[in-house]
Amino acid sequence: MSAAGGGSALQVHVIRVGPGQELLGSLQAFVDERRLRAPFIITCVGSVTKATLRLANATATNTNQVLHLSGRFEIVSLVGTLNRDAHLHVCLADGEGRAVGGHALGDLQVFTTAEVVVGEASHLLFTRETDERTGFPELVVQPRGVPTWGSGPGHGPPDRR
């Protein structure tokens, strides 16, 4: 197990991705533009017409367990971390309510909208390193420089009023 102790402050960002846009690429561009260093999905609601998912039985040496979806799907869940090598899982429901999910590889073409709330752990840094046990690049959480406030007048945290 790997964890960064002490917790972290939370910054909240919201993005709406419009019809025809690719969701994963749009989220990665959003993270890059804002220079987010420990971003993750808080929630997402929307719909897509296409998706490419890696299924649970794929391994690092057999990554061809991929499902290409086409049609109209509601996003019923989108979870994961959004650092440079994003690790997102999505669950989609078709017009009859049947659900399918997996690791989002991309090609998530937005149908009507994707309204995404993104959090950032502002005192942490997310990176990925290949884990010899899994063969996949796995999350590494590190503390990043946290300001230490001096004592006395004018040495506290900034006034946020």
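Since we're looking at a predicted model, the values are computed, not measured.

1. Topic: the overall build of the protein
Summing up its helical and strand segments, the protein has one helix and seven strands in all. The secondary structure elements of the protein, listed N-terminal to C-terminal, are β-α-β-β-β-β-β-β. A burial count over the protein gives 37% of its 161 residues as buried. Of the contacts formed within the protein by residues at least 6 apart in sequence, a portion of 62% connects residues at least 24 apart. Surface accessibility of the protein: about 9,600 Å² in total, with carbon and sulfur atoms responsible for 51%.

2. A few points about the layout of surface pockets
Roughly 220 Å³ of volume is contained in the largest pocket. Taken together, 14 residues form the lining of the largest pocket, with Val 31, Asp 32, Leu 36, Asn 83 and Arg 84 sitting closest to its centre. Sorting the residues of the lining of the largest pocket by element identifies helix 1 (23–34) and strand 6 (124–130) as the ones contributing at least two each. Sort the elements by how many residues they give to the lining of the largest pocket and strand 6 lands first, with four residues. Its residues placed into classes, the lining of the largest pocket shows five nonpolar, three polar and six charged.

3. As for a nonpolar patch on the surface
Together, Leu 10, Val 12, Val 14 and Ile 42 make up a nonpolar patch on the protein surface, roughly 370 Å² of accessible area in all. In terms of residue count, strand 1 (residues 10–17) provides more of the nonpolar patch than any other element does, three residues in total. With respect to the element layout, Leu 10 can be found in strand 1.

4. Topic: helix 1
Here helix 1 is 12 residues long and its end C-alpha atoms lie 17 Å apart, about the 16 Å a rise of 1.5 Å per residue gives. Regarding helix 1, the residues found buried are Leu 23, Leu 24, Ser 26, Leu 27, Phe 30 and Val 31. When helix 1 is viewed along its axis, its buried side chains cluster within an angular range of 165 degrees and face the same direction. Between the side-chain oxygen of the N-cap and the backbone nitrogen of Leu 24 there are 3.3 Å, and the N-cap of helix 1 in question is Glu 22. Following helix 1 by one or two positions, Arg 35 adopts a phi angle in the positive range, close to 55 degrees.

5. Let's talk about the environment of Gly 145
Along the chain, Gly 145 turns up in the segment after strand 7 (137–143). Judged by its relative accessible area of 72%, Gly 145 is exposed. Taking the C-alpha atoms as reference, Gly 145 lies 9.6 Å from Ser 122; in sequence the two are 23 residues apart.

6. Focus on the confidence of the model for the protein
Averaged over all residues, the pLDDT of the protein equals 87, while 84% of them reach at least 70. Here residues 147–161 is modelled with pLDDT under 50, and outside its nearest four sequence neighbours on either side it reaches five contacts, counting other chains as well.

The rules behind each value
- Residues numbered from 1 in each chain as written.
- Predicted model: local features only at pLDDT ≥ 70, side-chain atom pairs only at ≥ 80, totals over all residues.
- Heavy atoms only, no water.
- Helix = DSSP H or I, 4+ residues; strand = E, 2+ residues; numbered from the N terminus.
- Buried < 20%, exposed > 50% of the residue type's maximum accessible area, 1.4 Å probe, protein only.
- Contact = heavy atoms within 4.5 Å.
- Areas by Shrake-Rupley, 256 points an atom, 1.4 Å probe, with all protein chains shown as cover.
- 1 Å grid on protein atoms, 1.4 Å probe; cavity = no way out; pocket = protein on both sides within 12 Å on 5 of 7 lines; lining within 4 Å.
- Points joined across faces, edges and corners; volume = space filled by probe spheres on them.
- Nonpolar A, V, L, I, M, F, W, Y, C, P; charged D, E, K, R; others polar.
- Patch = residues over 30% accessible without salt bridge, like charges linked within 9 Å, V, L, I, M, F, W, Y side chains within 5 Å.
- Salt bridge = Lys/Arg side-chain N within 4 Å of Asp/Glu carboxyl O.
- Expected span 1.5 Å × (residues − 1).
- Arc of directions from axis to C-beta.
- Polar contact = N/O pair within 3.5 Å; in protein donor to acceptor, adjacent residues only side chain to side chain.
- pLDDT = per-residue confidence, 0-100.

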